[in-house]
Amino acid sequence: MKTFLLATAALSLSTGFALADTIRLATEGAYPPYNFINDSGEVDGFERELGDKICEIEELTCEWVTNDWDSIIPNLVSGNYDAIIAGMSITDERDKVIDFTQAYIPPAPSAYVALSADVDLKNGVIAAQTATIQAGYVAETGATLLEFATPDETLAAVRNGEADAVLADKDYLAPFVKESDGALVFAGEDIALGGGIGLGLRESDTELKATFNDAIDKMKADGSLNTMIKKWFGDDAVTW
Amino acid sequence: MSTTCADPKTLEGLVWLGCYLTNGKHLLFYRSIGTVLLLLAIAAPVSLAMGFGGAMAARARFWPARILGRAYIAMVRGVPDIVFFLFFVIALDQALEFVRHKIKCPDWTDPVFRGSDFVVCPEAKLPLSSSPQIWHEIYGFSLAVFTFGIVFGAFAANVLYGAMRAVPQAQIETAEAYGMTHRQSFWRILVPQMWLYALPGLSNLWMILVKATPLLFLLGVEDIVYWARELGGAKTQAFDYPHPDWRVWYFLALLVFYLLMTYVSQKVLGRLTARLTRGQATLGGEAMRKGAAA
């Protein structure tokens, strides 16, 4: 009984800290330069810098969490963290389950990457990450869709010939194409998919949505968001 | 090492490799080996205990316990592990938070279930949002242990149930002839002898458990397979140590790790079998007795 009382006392003490605003931000950590785990083992990338900046502007205490892409939405609605900031495009399907802030990256093109530019994109085997807008698009084009759990595996599938091409955000693919010494090339036309990239939130979390929107507004107004986009995605990136 | 490794892009050869293999990310990889071993060290006895309880319940004379034990074995064995790890864990987490919510925030009027959202008061969160990340990891780890315990416990229960029935009836009859009660003959005669029959089945389960740890990442616990995949993936110049797709090397390292685990397990299980065989009324026990006599 005594230990029980002590435990209760400890619990009631610890709840005092809960009143401080700690926002838990979840990311995938496998999608450079949007978000990745750097060589020290920490979350890094465009979204890390953006998230930290937003928290600084709104004076929030933020904590980073990595979560598997497959279960990133279920864990959000279940309350294991408060926001998804993982290069997630705003789509109608996702909007039914979760809510989005305004976009922090404008609708950016998706692109095909293959070993040669004349690959058959209509009837070939196209790799894409599971549960992405690109995977949805490939399924509609009539090409054979080959899904992978991580973006890295989609590119590997093209390199080893398992897939004819990969469809992903162009900003993700560009560094790999550039550094492949001509082994990988862009194929076909760029495709516009999705309504830009925003932070994913629980639909009931309207207050947090307003806070984040306010911070993004400020960063759009003073141009710091554009500077950040150019820093991570190059000078040719689409800005506001 | 720290000064040598300050500017990795200028390094070459073995120095580069040395710095690469000791960077923060690799240290997390090495640490995850410990996480996996710890999980095994805790999950195995928990599963065994669950299994023992399940087997006892399944052969109980009290019928509600019997129904419960058999339902547990049948249901859990039939559900795919991945479903268990995605659905059950989230449901369990929500159930715990819901109970805490009812206790800690009786004045809360907003609904908890709002569409697909599950919202409890901040004080009821498990762990609290403001807790350091380590607590979230410990919590996820505990959920993982518990879930592994339930899943593998069901399989273990079936193995133990079979093993209890394999002990020769004559042994129990003799015990009863000596005047032992049902309980005494169970604990003194049946249980000590059944392990030998259970061992082959339990060793199978152990080997499966060893390889089941990648399911951990579904719970946000980063295991060795996650890190091998993450470290092996092609890295662009955005990283300090850019390299092409090296997953094959990392998976080779995993192969060696798992082979070592298998080897050690085989050795230990072999010794255990020899130990348990001693004095048993089985072919092996008989051979041992004759060997000792000669």
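Refer to the structure presented above.
What counts as what
Residues numbered from 1 in each chain as written. Chains lettered and ligands numbered in written order. Predicted model: local features only at pLDDT ≥ 70, side-chain atom pairs only at ≥ 80, totals over all residues. Heavy atoms only, no water. Phe/Tyr/Trp six-rings, centres within 6.5 Å; stacked < 30°, edge-to-face > 60°. Helix = DSSP H or I, 4+ residues; strand = E, 2+ residues; numbered from the N terminus. Buried < 20%, exposed > 50% of the residue type's maximum accessible area, 1.4 Å probe, protein only. Lys NZ or Arg CZ within 6 Å of the ring centre and 35° of its normal. Disulfide = S-S within 2.5 Å. Polar contact = N/O pair within 3.5 Å; in protein donor to acceptor, adjacent residues only side chain to side chain. Contact = heavy atoms within 4.5 Å. Core = buried A, V, L, I, M, F, W, Y, C linked by side-chain atoms within 4.5 Å. Domains from an automatic or database assignment. Axes fitted to C-alpha atoms, helices over the stretch in contact; angles between N-to-C directions. Parallel < 35°, antiparallel > 145°, perpendicular 65-115°, else oblique. Left-handed = near helix turned anticlockwise from the far one by under 90°. Nonpolar A, V, L, I, M, F, W, Y, C, P; charged D, E, K, R; others polar. Pairing = 2+ DSSP bridges.

Caption draft 1: Geometry of the packing of aromatic side chains. Using the criterion set out here, one finds 26 aromatic pairs over all chains in the structure. Taking 4.8 Å as the distance between ring centres and 50 degrees as the angle between the ring planes, the aromatic pair formed by Tyr34 of chain A and Phe233 of chain A counts as tilted. Residue Tyr34 of chain A is located in the loop between strand S2 (30–31) and strand S3 (35–37), and its partner Phe233 of chain A is located in helix H9 (residues 224–233); the two are separated by 199 residues in the primary sequence. Under the relative-accessibility criterion, Tyr34 of chain A is labelled buried at 0%. With a centroid separation of 5.9 Å and 40 degrees between ring planes, the pair formed by Phe148 of chain B and Phe152 of chain B is classed as tilted. Of this pair, Phe148 of chain B and Phe152 of chain B both sit in helix H5 (residues 133–166), four residues apart, which is roughly one turn of that helix. The same class applies to Phe148 of chain B as to Phe152 of chain B, namely buried. Ring-pair connections join several aromatic residues into one group, and the members of that group are Tyr31, Tyr34, Phe46, Tyr104, Tyr172, Phe176 and Phe233 of chain A. The residue whose ring lies beneath Lys220 of chain A is Trp240 of chain A, and the NZ or CZ to ring-centre distance is 3.7 Å.

Caption draft 2: Up close: the state of the cysteines. All names here are of chain B. Counted under the stated rule, the structure contains three disulfides over all chains. Each sulfur in the disulfide pair Cys5 and Cys19 lies 2.1 Å from the other. As the torsion about the S-S bond is roughly -85 degrees, the Cys5-Cys19 disulfide counts as left-handed. Of the two residues, Cys5 is situated in the segment before helix H1 (13–21) and Cys19 in helix H1; the sequence distance between them amounts to 14 residues. As far as burial versus exposure is concerned, Cys5 and Cys19 are alike and both buried. Each disulfide pairs two cysteine sulfurs, and for Cys105 the partner residue is Cys121, the sulfurs being separated by 1.8 Å. Handedness here is read from the sign of the S-S torsion; for Cys105 and Cys121, about 75 degrees, the answer is right-handed. Highlighted residues: Cys105 in the loop between helix H4 (81–104) and strand S1 (113–114) and Cys121 in the loop between strand S2 (117–118) and H5, separated in sequence by 16 residues.

Caption draft 3: Structural context of the side chain of Asn35 of chain A. Residues and elements named next belong to chain A. Along the chain, Asn35 turns up in strand S3. Note on Asn35: relative accessible area 1%, which makes it buried. Side-chain polar atoms of Asn35 contact the side chain of Glu47, separated by 2.9 Å. Contacts of Asn35, omitting those with residues within four sequence positions, involve Thr27, Glu28, Gly29, Ala30, Asp44, Glu47, Ile85, Ala86 and Gly87.

Caption draft 4: A look at the nonpolar core. Counting 111 residues, the largest nonpolar core has Phe46, Leu50, Tyr104 and Phe212 of chain A together with Phe148 of chain B as the members making the most contacts within it. Looking at this core, the element that brings in the most residues is H5 of chain B, giving 16 residues. Two domains each provide a minimum of three residues to this core, namely domain 1 (22–106 + 196–233) and domain 2 (109–192) of chain A. Core analysis: the second largest hydrophobic core is formed by 15 residues, Trp69, Ile73, Tyr81 and Ile90 of chain A among them.

Caption draft 5: Representation of the packing of helix H3 (residues 63–78) of chain B against H5 of chain B. All names here are of chain B. Two elements in contact, H3 and H5, have axes separated by 9 Å at closest approach and are oriented at 120 degrees. With respect to H5, the element H3 is oriented oblique. Where H3 crosses over H5, the handedness of that crossing is left-handed. Here H3 contributes Arg70, Tyr72, Ile73, Val76 and Arg77 to the contact with H5, which in turn contributes Gly149, Ile150, Val151, Gly153, Ala154, Phe155, Ala157, Asn158 and Tyr161. A per-class count over the contact of H3 with H5 returns nine nonpolar, three polar and two charged.

Caption draft 6: Molecular detail of the sheet that holds strand S12 (residues 185–192) of chain A. All names here are of chain A. A sheet is described by the order of its strands in space; here five strands give the open sequence S10-S9-S11-S8-S12, paired in mixed fashion. Looking along the sheet, the strands with just one partner apiece sit at the ends: strand S10 (144–148) and S12. The average angle at which neighbouring strand axes cross in this sheet is 30 degrees, direction not considered. Pairing analysis gives five bridges linking strand S8 (residues 109–114) to strand S11 (residues 165–169), with the strands arranged antiparallel. Bridge pairing in S11 places Ser110 opposite Asp169. Relative to S11, helix H7 (residues 170–178) is tilted by about 125 degrees, and along the sheet it contacts S8, S11 and S12.

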